[in-house]
Amino acid sequence: MVDASPPSNLPVDWSLLPATASMGKRGELTIGGCSVETLTEQFGTPLFIYDEAHLRSRCREAVEAFGPDVAYASKAFLCTAMAKLAYEEGMRIDVSTAGELHVALAAGVPGDRLVLHGNNKSVEELTMALDAGVGRIIVDSEDEIDRLEALAAQRQVTIAVWIRITPGVHAHTHAFISTGQEDSKFGFSVNSGAAQRVVDRLSTSTALELVGIHAHLGSQVFDLENFAEAAKVVGRFFVPLGLAELCLGGGLGEAYVNGEQTQSLFAWAEATRNALREVGVSDEVSLSAEPGRSIVARAGLTAYTVGTIKELLGLHTYVSVDGGMSDNPRPVLYGSGYETMLARAPQAERPRTIRLVGKHCESGDVLVTQGSVPQDLSVGDVLITPVTGAYGYAMASNYNKVPRPAVVFVRDGLARLVVRREQLSDLLTLDVG
Ligand code: LLP
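Basis of the calculations
Residues numbered from 1 in each chain as written. Predicted model: local features only at pLDDT ≥ 70, side-chain atom pairs only at ≥ 80, totals over all residues. Heavy atoms only, no water. Phe/Tyr/Trp six-rings, centres within 6.5 Å; stacked < 30°, edge-to-face > 60°. Helix = DSSP H or I, 4+ residues; strand = E, 2+ residues; numbered from the N terminus. Buried < 20%, exposed > 50% of the residue type's maximum accessible area, 1.4 Å probe, protein only. Expected span 1.5 Å × (residues − 1). Polar contact = N/O pair within 3.5 Å; in protein donor to acceptor, adjacent residues only side chain to side chain. Domains from an automatic or database assignment. Contact = heavy atoms within 4.5 Å. Buried area = accessible area lost by both parts, 1.4 Å probe. Salt bridge = Lys/Arg side-chain N within 4 Å of Asp/Glu carboxyl O. Axes fitted to C-alpha atoms, helices over the stretch in contact; angles between N-to-C directions. Parallel < 35°, antiparallel > 145°, perpendicular 65-115°, else oblique. Left-handed = near helix turned anticlockwise from the far one by under 90°. Nonpolar A, V, L, I, M, F, W, Y, C, P; charged D, E, K, R; others polar. Near = heavy atom within 4 Å. Areas by Shrake-Rupley, 256 points an atom, 1.4 Å probe, with all protein chains shown as cover. Lys, Arg positive; Asp, Glu negative; His and termini not counted.

It is worth spelling out the packing of aromatic side chains at this point. Each aromatic ring pair is characterised by the separation of its centres together with the angle its planes make. Using the criterion set out here, one finds seven aromatic pairs in the structure. Taking the centre distance of 4.3 Å and the plane angle of 15° together, the rings of Y50 and F77 count as stacked. In this pair, Y50 sits in strand β4 (residues 47-51) while F77 sits in the loop between β5 (71-73) and α3 (80-88), placing the two residues 27 residues apart along the sequence. With respect to burial, Y50 and F77 carry one shared label: buried. Among the aromatic residues, ring-to-ring pairing joins Y50, F77 and F409 into one connected group.

As structure tokens, this is what we get:
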């Protein structure tokens, strides 16, 4: 995870913007042929804008790199339009709760194109998955195996499962999103022998059929060596089992701020494949992955309206926008850095250093600790934080009863609203007392 970058005069790197980002006649930012300022007039702010062409090409790249078993990790961003899009482009969908499963099914994704994760799946969730014919269930605990065996017996079916294992490899990322290490709530450890014990247990189970192995190292991992190292540990465990399916999770890092470099999905797939070959995993094995962030992060950005500018002499200039930690908790949670830019002047120099804050009632509500903006930034400007497509809307909340933003997909000069803005009336829909 990367802390806020030092402020720079330079405009935001164009490579941080969605693929179809361009400049309109007045020098303003356009995405998918739509002016961002016009979109905010039409749909209001804060607004999540996704470049549909970008999303689709990332899905296609994932399928090309890993094959048709690759799954989109829907936790990064899910709504029916996104599930439908990923499915149309040939990806499976990874869901990890009843809620994600419900949305994917509502989008029309067939059960057999879904994989179900979770370290604490309830009987209700497992039942729902079995009713929907979910393609693969990834077992994560002995308790879950007990539950699944009971359900299989009731239904007189055999359930195909993968085991989630922890390779005991530390990913170079933020501790909160590192999952492949030994001390983790996820999976069964290879080193302690727990993974082998579960394999042995399943080998005698008539209810569950072990068809594959799964591992996920962590998220926002930049170093392909990390993935290769984990792949080797998983591969060595996998080979003697003689299974046909292997999934190495998600986690490919994305650039958020100027100067960060990312790897392509192809390079990631190749590094993984090479490492697996080295430890004897056959090319016949169905290798899959579960990218989330690398599919959606850069495809999306958030547009806010600047509401107040407070210059504190000798201290900071606080620029407040109409959203904040409720639509992007990542800076507060992980210290993640973002860039700031103006929709009307995407290539302007940014000599002014500001602190971008939201409208929530706490000082910690910071979106960008040290942002750079053009000198003439004013109240009423549309200010953009790029690369908010992953784990932004997905982790949005109603803190301070702030309604969640709208989400639009743009393509070929057309914008379609895919998630409407929450209204004040929505904030009362659950109150029954
Ligand atoms: N597969 C499994 C089993 C996972 O747990 C995850 C992410 C993924 C795939 C997708 O990983 P990705 O390709 O998106 O890195 N909220 C955090 C990220 C949490 C990731 C949780 N698991 C953030 O905003 O950085």
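On we go.
With 15 residues, helix α2 (residues 52-66) extends 21 Å from end C-alpha to end C-alpha; this agrees with the ideal 21 Å at 1.5 Å per step. Among the residues of α2, E52, H54, L55, R56, R58, C59, A62, A65 and F66 are the ones counted as buried. The backbone nitrogen of A53 has a side-chain oxygen 3.1 Å away, supplied by the residue at the start of α2, namely D51. Note on α2: the residue one or two positions beyond its end, G67, has a positive phi of about 100°.

Turning to the domain arrangement of the chain, a few remarks are in order. For an interface, size is often stated in terms of accessible area lost upon the parts coming together. In terms of domain boundaries, the chain breaks down into domain 1 (14-51 + 298-428) and domain 2 (52-296). With centres defined by C-alpha atoms, the gap from domain 1 to domain 2 works out at 31 Å. Taken together, the contacts link 29 residues of domain 1 with 23 residues of domain 2. For the pair domain 1 and domain 2, the summed buried surface comes to about 2400 Å²; carbon and sulfur atoms form 61% of the total. Applying the counting rule to domain 1 against domain 2 returns two salt bridges. Its salt-bridge partner being R411, residue E52 comes within 3.4 Å of it at the nearest N-O pair. Listed by contribution, the elements that provide at least two residues to the side of domain 1 that touches domain 2 are β4, α11 (330-334), β20 (406-411) and β21 (414-419). It is β20 that provides the largest number of residues to the side of domain 1 that touches domain 2, a total of four residues.

With that out of the way, let us pick up the packing of α2 against α3. In contact at an axis separation of 9 Å, α2 and α3 are set at 45° when each is read in the N-to-C sense. Considering their axes alone, α2 and α3 lie oblique with respect to each other. Considering only the axes of α2 and α3, their crossing is right-handed. Taking contact as the criterion, the partners of E52, L55, R56 and C59 in α2 are, on α3, M82, L85, A86 and E88. Across the contact of α2 with α3, the residue classes tally to five nonpolar, no polar and three charged.

This brings us to helix α8 (residues 224-238). Under the 1.5 Å per step criterion, the end-to-end length of α8 is 20 Å for 15 residues, consistent within 8% with the ideal 21 Å. Here α8 has its buried residues at L224, N226, F227, A228, A230, A231, V234, G235, F237 and F238. On its buried face, α8 sits against β9 (159-166), α7 (194-203), β11 (208-214), β12 (245-247) and α9 (265-278). Its side-chain oxygen 2.9 Å from the backbone nitrogen of E225, D223 forms the N-cap of α8.

Around the ligand, the surrounding shell holds 19 residues, and the nearest of these are S219, E290, R293, R330 and Y391. Contacts to the ligand include S219, whose side-chain N or O atom sits 2.4 Å from an oxygen atom. Taking 580 Å² as the accessible area of the ligand by itself, protein coverage stands at 92%. By residue class, the composition of the shell around the ligand is six nonpolar, seven polar and six charged.

Next up on the list: the pattern of salt bridges. Inspection of every chain in the model, using the stated rule, returns 26 salt bridges. One salt bridge connects K75 with D94, and the closest N-O pair in it is separated by 3.7 Å. Pair noted here: K75 is in the loop between β5 and α3 and D94 is in strand β6 (residues 92-95), with a separation of 19 residues, a long-range link. Look at K75 and you get partly exposed, because its relative accessible area is 31%.

A few words on the side chain of D140. Mapped onto the fold, D140 is located in the loop between β8 (136-139) and α6 (142-155). An unpaired buried charge is present at D140: no salt bridge exists, and R164, the closest side chain of opposite charge, is 4.2 Å distant. A distance of 3.0 Å separates a polar side-chain atom of D140 from the backbone nitrogen of G187. Not counting residues up to four positions away in its chain, the partners in contact with D140 are G118, N119, K121, R164, K185, F186, G187 and F188.

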